[in-house]
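Fold and geometry: a report
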Amino acid sequence: MATIRANDIEIRYDIAGDGPWLILAHSLATDLTLWDDNLAMLTSHFRVLRFDARGHGGTSAPAGPYDFAMLSADMLGLMDALDVDHAHICGISMGGMVAQHVVLAAPDRIDRLVLASTTSSYPPEARAMWAERIAGVRRNGIGPLVQPTLERWFTPPYRAAHPEVMARIGGLIGATPAAGFIGSGQAIATLDVTERLSALRCPTLVIAGADDTGTPPAMGRAIAERVPAAQIVMIESASHLCNIEQAAEFNRVLLDFLA
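To start, this report covers the structure provided alongside it. (Residues numbered from 1 in each chain as written. Predicted model: local features only at pLDDT ≥ 70, side-chain atom pairs only at ≥ 80, totals over all residues. Heavy atoms only, no water.)

**Some remarks on the side chain of Arg 133**
Which entries qualify depends on this criterion: Going along the chain from the N terminus, every DSSP run of H or I of four or more residues is numbered as a helix, and every run of E of two or more is numbered as a strand. Buried, partly exposed and exposed residues are distinguished by accessible area as a fraction of the type maximum, computed with a 1.4 Å probe on protein chains only: under 20%, between the cut-offs, and over 50%, respectively. Here the positive residues are Lys and Arg and the negative ones are Asp and Glu; neither His nor the chain ends is included. When a carboxyl oxygen of Asp or Glu lies within 4 Å of a side-chain nitrogen of Lys or Arg, that pair is called a salt bridge. Any pair of residues with heavy atoms lying within 4.5 Å of one another is described as a contacting pair.
Structurally, the position occupied by Arg 133 is in helix α4 (residues 124-140). Notably, Arg 133 is buried but unbridged: the nearest opposite-charge side chain belongs to Glu 132, and the N-O separation is 7.5 Å. Setting aside chain neighbours within four positions, we find Arg 133 in contact with Arg 152 and Phe 181.

So this is what it looks like as structure tokens:
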């Protein structure tokens, strides 16, 4: 792991493997280790850049609010600082939201785009839900969110069979700085790029977990219907973090598309 200054913050990152650049962007309330189950396969084919988003892991966690212009500038600034002229991007959940803004801001720098377990907008009632979550973190910290978040992110059979994964991911959620969760949540609550997606020209893969209740498959289909060069793949027996719950299938789908 290393850190580098970009967009006025210190960003923790990791580079492994050899080949074309592939940037991995993690979800809210995790860090770059979210991709550990995918890394061995990917580094056999790509030079993989993982990083901690603003307010997460080993990256600076300034007080918010954050917005997607800021979060996408963080990724582009990191690319500049590391002399990454162009790359593939795979973003999951919040990482997919940031990736959409990156390719809209700098389309010539993105070769192929993968959007997993994500959305391009939320209905008005979701904004109230995010406001409630943020208010709860301000009052009580992030600890009370750990268990309900795990219940949204993984199916019941997987949770029961993999207590070690629940401990690891629960630890990432619980370690997220309050400022990072609040700032990122404020950005997510304003997400609305659906009508801009028709401008995208890079080949795009949308991945959806069939059992995802946080970003249901319909949200992925809405993206795929608007991006001209998009395809969508459903991963069965997986909820939100399908890259972990069905890692082998996620890896296969990702490699088939990027290769």
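Having put the structure on the table, let's press on.
**Things to note about unusual backbone geometry**
Cis geometry is found at the peptide bond from Gly 64 to Pro 65, where omega equals 5 degrees. Here Pro 65 is to be found in the loop between β4 (47-51) and α2 (68-81). Positive phi is not limited to glycine here, since Ala 29 has a value of about 65 degrees. Position of Ala 29 among the secondary structure elements: in the loop between β3 (21-25) and α1 (36-42).

**Here's the deal with the environment of Tyr 66**
Within the element layout of this structure, Tyr 66 appears in the loop between β4 and α2. Considered as a pair, Tyr 66 and Ile 188 are 122 residues apart in the sequence and their alpha carbons are 9.1 Å apart. Excluding residues that lie within four positions of it along the chain, Tyr 66 makes contacts with Arg 54, Gly 55, Ala 61, Leu 71, Ala 179, Gly 180, Gly 183, Ser 184, Gln 186 and Ala 187.

**Considerations on the pairing of β4**
Threshold: Paired strands, in this sense, are two strands between which DSSP finds at least two bridges. Here, the term right-handed applies to a crossover whose path from the first strand over the helix to the second runs clockwise when the strands point away from the viewer.
The element β4 is extensively covered by neighbouring structure, given that 4 of its 5 residues are classed as buried. Relative to β4, strand β2 (residues 9-16) is paired through 4 bridges, and the arrangement is antiparallel. Residue pairing across strands places Asp 14 opposite Arg 50, the latter belonging to β4. In this region the chain leaves β3, passes through α1 and returns to the parallel neighbour β4; the handedness of that crossover is right-handed.

**A look at the sheet that holds strand β6 (residues 110-116)**
The condition is simple: Here the axes come from fitting lines to C-alpha atoms, over the contacting stretch only for helices, and the angles between their N-to-C directions go from 0 to 180 degrees.
The sheet built from 8 strands is open, its strands ordered β1-β2-β4-β3-β5-β6-β7-β8 with mixed pairing. Unpaired on one side and paired on the other, β1 (2-6) and β8 (230-235) mark the two borders of the sheet. Neighbour-to-neighbour, the strand axes of this sheet turn through a mean angle of 25 degrees, independent of strand direction. Where β1 and β2 come together, 5 bridges link them in antiparallel fashion. The residue of β2 that forms the bridge with Ile 4 is Ile 11. Sheet contacts for α2: β1, β2, β3, β4 and β5 (87-92); angle to β1, the most-contacted strand, approximately 110 degrees.

**Here's the deal with the nonpolar core**
Rules: Working definition of a nonpolar core: buried Ala, Val, Leu, Ile, Met, Phe, Trp, Tyr and Cys residues. They are joined through side-chain atoms within 4.5 Å.
In terms of nonpolar packing, the biggest core is built from 93 residues, with Phe 154, Ile 169, Ile 207 and Phe 250 touching the most fellow members. Ranked by residue count, the leading element in this core is helix α3 (residues 94-105), at 7 residues. Beyond its immediate stretch of four places on either side in the chain, Phe 154 contacts Arg 159, Val 165, Met 166, Ile 169, Ser 239, Leu 241, Ile 244 and Glu 245.

**Topic: the packing of α4 against helix α8 (residues 178-189)**
Let me state the cut-off plainly: Working rule for angles: under 35 degrees goes down as roughly parallel, over 145 as roughly antiparallel, 65 to 115 as roughly perpendicular, anything else as oblique. Polar here means any residue other than Ala, Val, Leu, Ile, Met, Phe, Trp, Tyr, Cys and Pro, which are nonpolar, and Asp, Glu, Lys and Arg, which are charged; Gly is therefore polar.
Running from N to C, α4 and α8 point in directions that differ by 170 degrees, and their axes come no closer than 9 Å. One way to sum up the angle between α4 and α8 is to call them roughly antiparallel. Within the contact between the two elements, α4 uses Arg 127, Trp 130, Arg 133, Ile 134, Val 137 and Arg 138 and α8 uses Ala 178, Phe 181, Ile 182, Gly 185, Gln 186, Ile 188 and Ala 189. Across the contact of α4 with α8, the residue classes break down as 8 nonpolar, 2 polar and 3 charged.

**A closer look at the packing of aromatic side chains**
As a reminder, the rule being used: The rule is short: rings of Phe, Tyr and Trp, with Trp giving its six-membered ring, pair when the centres are within 6.5 Å, and they are stacked under 30 degrees, edge-to-face over 60, tilted in between. Criterion for a charge above a ring: Lys NZ or Arg CZ within 6 Å of the ring centre, and within 35 degrees of the ring normal.
Within the structure shown, the criterion is met by 3 aromatic pairs. Aromatic side chains Trp 35 and Phe 250 sit 6.4 Å apart centroid to centroid with 45 degrees between the ring planes, which places their arrangement in the tilted category. Within this pair, whereas Trp 35 is found in the loop between β3 and α1, its partner Phe 250 is found in helix α11 (residues 247-258), the two being separated by 215 residues in sequence. On the basis of an interplanar angle of 15 degrees and a centroid distance of 5.4 Å, the ring pair of Phe 154 and Tyr 158 is categorised as stacked. Neither residue differs from the other here; Phe 154 and Tyr 158 are each classed as buried. We note Arg 54 situated over the ring of Tyr 66; from NZ or CZ to the ring centre the distance is 5.7 Å. Sitting over the face of the ring of Trp 130, Arg 133 holds its NZ or CZ atom 4.7 Å from the ring centroid.

**Thoughts on the pattern of salt bridges**
Applying the stated criterion across every chain yields a total of 11 salt bridges. Residue Asp 80 is joined to Arg 109 by a salt bridge in which the shortest nitrogen-to-oxygen separation is 2.8 Å. With Asp 80 in helix α2 and Arg 109 in the loop between α3 and β6, this residue pair connects regions lying 29 residues apart in the sequence. Arg 109 gets classed as buried once you look at its relative accessible area, which sits at 18%. Glu 195 is the partner of Arg 226 in a salt bridge, and the nearest nitrogen-oxygen pair spans 3.7 Å. Here Arg 226 is found in helix α9 (residues 217-226), whereas its partner Glu 195 is found in the loop between α8 and β7 (204-209), with 31 residues between them in sequence. By relative accessible area, Arg 226 is classed as partly exposed at 30%.

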